[in-house]
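Listed below, chain by chain, are the residues.
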Amino acid sequence: MSINKEHDQSFYHLINGLLLHYKNHIYLLIFLMIFTAFFESIGLAILIPIFEIILDNNNESSIATMLKYPLRLFNVNNEILFLSIFFLLIIIIKNIVRLLTVFYSTKISYMIREDWITKINYSYLSQPFGDIIKFKQGYLINNLINVPTTASAGLIKISELSVSLFMIVLYYLLLLTINLKATALVSLIGIVLYFTSIKINKKYALNFGDSEVKLGQEINNSAAEIVSAMRQIRIFSLENFFSIKLKGYLKRFRELSIRFELIKKIPNSVIESLTFSIVIAFVLIMYSRAPDTLKLMIPLITIFIVSIQRLIGQLNSLVMNRVDIIRFIPAFRLVKSLLKESDNVPNALKKDYNKFSALESEIIFENVSFSYNNNEIIFNDISFSIPVGKTTAIIGESGIGKSTIADMIIGLYSPTDGKIVVNGTDLKDIDFINWKNNIGFVSQDNYLFHTTIKENIRYGNFQTSEKNLINAAKTANAHDFIMRLPEGYNTIVGDRGMLLSGGQKQRIAIARAIIRNPQVLIFDEATSALDYKTESTLLKEIFEISKGKTVIIISHRLETVKSADKILKIENGKIFDINLKDLSI
């Protein structure tokens, strides 16, 4: 490439970093490609002594002398027959290796893509929630899916570029002994082979294109859900579930693409093998029956065989690969940056966290301060406690930080200063997976996944029974409206639950929280979308099932908080206890 030495070194380090875990695969791929090129050039070289024998040429070329030396060493009499058979074997082996190369290059490309996307996905689900939501969803999804796809394809282009250089050198050495005036015929034959391949692959390509679009939609839908529902996924500890779901789609896409690439390459391989077989058969027949006529046709046969090699195609490939590699450099850099972020994410499995099994004492906020992006301070040195086994209400004006309290308890945000203590231990030192599995959370704007009502409730607890699922729906006052739907619990709710009303979505979300049988229940304006009668009925049910549990209710309605054992009010960045009689409607 025409770039200076400094850029060359930078590009080398960039690619070397990306290929660090895949070097053996890349080396094997390059070996297969070079092996294919070597057999292709050897196959062409063997034709030279065959033609010289046919033409009874006394001026034996150096290539012919080298190839015929073993035959003379072992006193092989019928040299043309032996060389012809050897030539056909070389062609068959070459095409087998070529198909193997296609399979392996496609496999490596999609394996790297799958690995990168999985790592970036893990990074998204593990990084601090406040850092992730700064970015637009389209940006995150593009970095998660499209950029790794582009970069992984670019790595294969680098391998193809190095092989193209090797093949061009070999072809050039061979062309020194061949008539170069066959350019027009080479172009014509190349066009015929191209359109023949297009026709053979057209039907399968259409089917593959349809499947590719559908799988691409599933992959992007899954990615969009991961990004859009990141809060719910973390709250309900669904990180592994959605990671496995996305990986499943990627695996299906990889397998489909491998089959397509193989089938796409088979016609050209078959055509070339058949063509050479016909040519050799024709040469042998003509040599035994009409050698003089054959001698007149040798130039045309030579031109045809040279055209099969398609040197011009290799030159075009070299140019296109070079352009593609330059084009892929920004993608390489971005992927490397994203993978570095993934490597820097703390591994919860490796850290010695304290396991959480039961809430034994009150949740304590000790001198907690918090601000978003170190800008406006939301809380400044606040201290309070939430009693275990009791209901605590948190009230205050909109935007004062009530939901932020809930988010910090769940673990979506960490205090800027101070600490949150659970069972005498700093929350940041507690196993978050265990902790979140014991929390049921319902917010004002709940996310429902594009699946059935039954599955949306089951996300709260995958091990639950059908009976417990229905009981949870009844407790949330959702069973009756669900049964009125044509498909009942198997009704698809649409993207983000858009096919349901706000109140219906809220009741399903409450059922999803209840089914976890959590020790801590957090209701963040959870009944705000319900009418007064439904809210009153639901609150009675909630307080009934919440006996003995630690309940946190965030609301602006007096009816919602009046049954609380403790009421906390947030005002001017501070929090303090108040009595029910001090509240005004």
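Predicted, not measured: the structure shown is a model, and the values here were computed from it.

*Asks:* Would you mind showing me how to read the overall build of the chain here?
*Replies:* Helix and strand content of the chain: 19 helices and 10 strands. Across the 585 residues of the chain, 50% fall into the buried class. The long-range fraction of contacts in the chain, counting pairs at least 24 apart against all pairs at least 6 apart in sequence, stands at 79%. Surface exposure of the chain reaches about 29,600 Å², of which carbon and sulfur atoms provide 57%.

*Asks:* I would appreciate a short explanation of the pairing of strand β9 (residues 566-571) in the present structure.
*Replies:* The side chains of a regular strand alternate, first on one face of the sheet and then on the other. Of the strand pairs in this sheet, strand β3 (residues 391-395) and β9 are connected by 4 bridges, and their pairing is parallel. Bridge pairing links Ile 394 to Leu 568 in β9. The pairing of β9 with strand β10 (residues 574-578) spans 5 bridges and is antiparallel. Looking at β10, one finds that Ile 570 is bridged to Ile 575. Counting the residues that bridge the hairpin from β9 to β10 gives 2 residues, and of these Asn 572 lies at a positive phi of roughly 55°.

*Asks:* Honestly, the packing of aromatic side chains in this entry has me stumped. Any pointers?
*Replies:* Centre-to-centre distance and the angle between the planes together describe a pair of aromatic rings. A complete count under the given rule lists 17 aromatic pairs for this structure. Between Phe 242 and Tyr 459, the aromatic rings sit 5.8 Å apart at their centres with planes inclined by 55°, giving tilted as the arrangement. Here Tyr 459 lies in the loop between α14 (453-458) and α15 (466-475) and Phe 242 lies in helix α9 (residues 239-289), a separation of 217 residues in the sequence. Like Phe 242, the residue Tyr 459 is buried in the burial classification. When the centroid spacing of 4.8 Å and the interplanar angle of 90° are considered together, the rings of Phe 449 and Tyr 459 count as edge-to-face. Taken together, the positions of Phe 449 in the loop between β6 (439-442) and α14 and Tyr 459 in the loop between α14 and α15 put the pair 10 residues apart, joining distant regions of the chain. One aromatic cluster in this structure is built from Phe 241, Phe 242, Tyr 447, Phe 449, Tyr 459 and Phe 462.

*Asks:* Any chance you could explain the pattern of salt bridges here in plain terms?
*Replies:* When the charged atoms of two side chains lie near each other, side chains of opposite charge can form a pair. Per the counting criterion, the structure on display carries 8 salt bridges. The salt bridge partner of Lys 454 is Glu 466, with a shortest N-O separation of 3.2 Å. Within this pair, whereas Lys 454 is found in helix α14, its partner Glu 466 is found in helix α15, the two being separated by 12 residues in sequence.

*Asks:* How should the sheet that holds strand β5 (residues 425-426) be read in this particular structure?
*Replies:* Strand pairing in a sheet relies on backbone hydrogen bonds, with the paired strands running either antiparallel or parallel. Strand order in the open sheet made by the 4 strands is β2-β1-β4-β5, with antiparallel pairing throughout. Whereas interior strands pair on both sides, the edge strands pair on one side only; in this sheet they are β2 (377-386) and β5. The pairing of strand β4 (residues 417-422) with β5 spans 2 bridges and is antiparallel. Counterpart to Val 422 in the pairing with β5 is Thr 425.

About the thresholds
Residues numbered from 1 in each chain as written. Predicted model: local features only at pLDDT ≥ 70, side-chain atom pairs only at ≥ 80, totals over all residues. Heavy atoms only, no water. Helix = DSSP H or I, 4+ residues; strand = E, 2+ residues; numbered from the N terminus. Buried < 20%, exposed > 50% of the residue type's maximum accessible area, 1.4 Å probe, protein only. Contact = heavy atoms within 4.5 Å. Areas by Shrake-Rupley, 256 points an atom, 1.4 Å probe, with all protein chains shown as cover. Pairing = 2+ DSSP bridges. Phe/Tyr/Trp six-rings, centres within 6.5 Å; stacked < 30°, edge-to-face > 60°. Salt bridge = Lys/Arg side-chain N within 4 Å of Asp/Glu carboxyl O.

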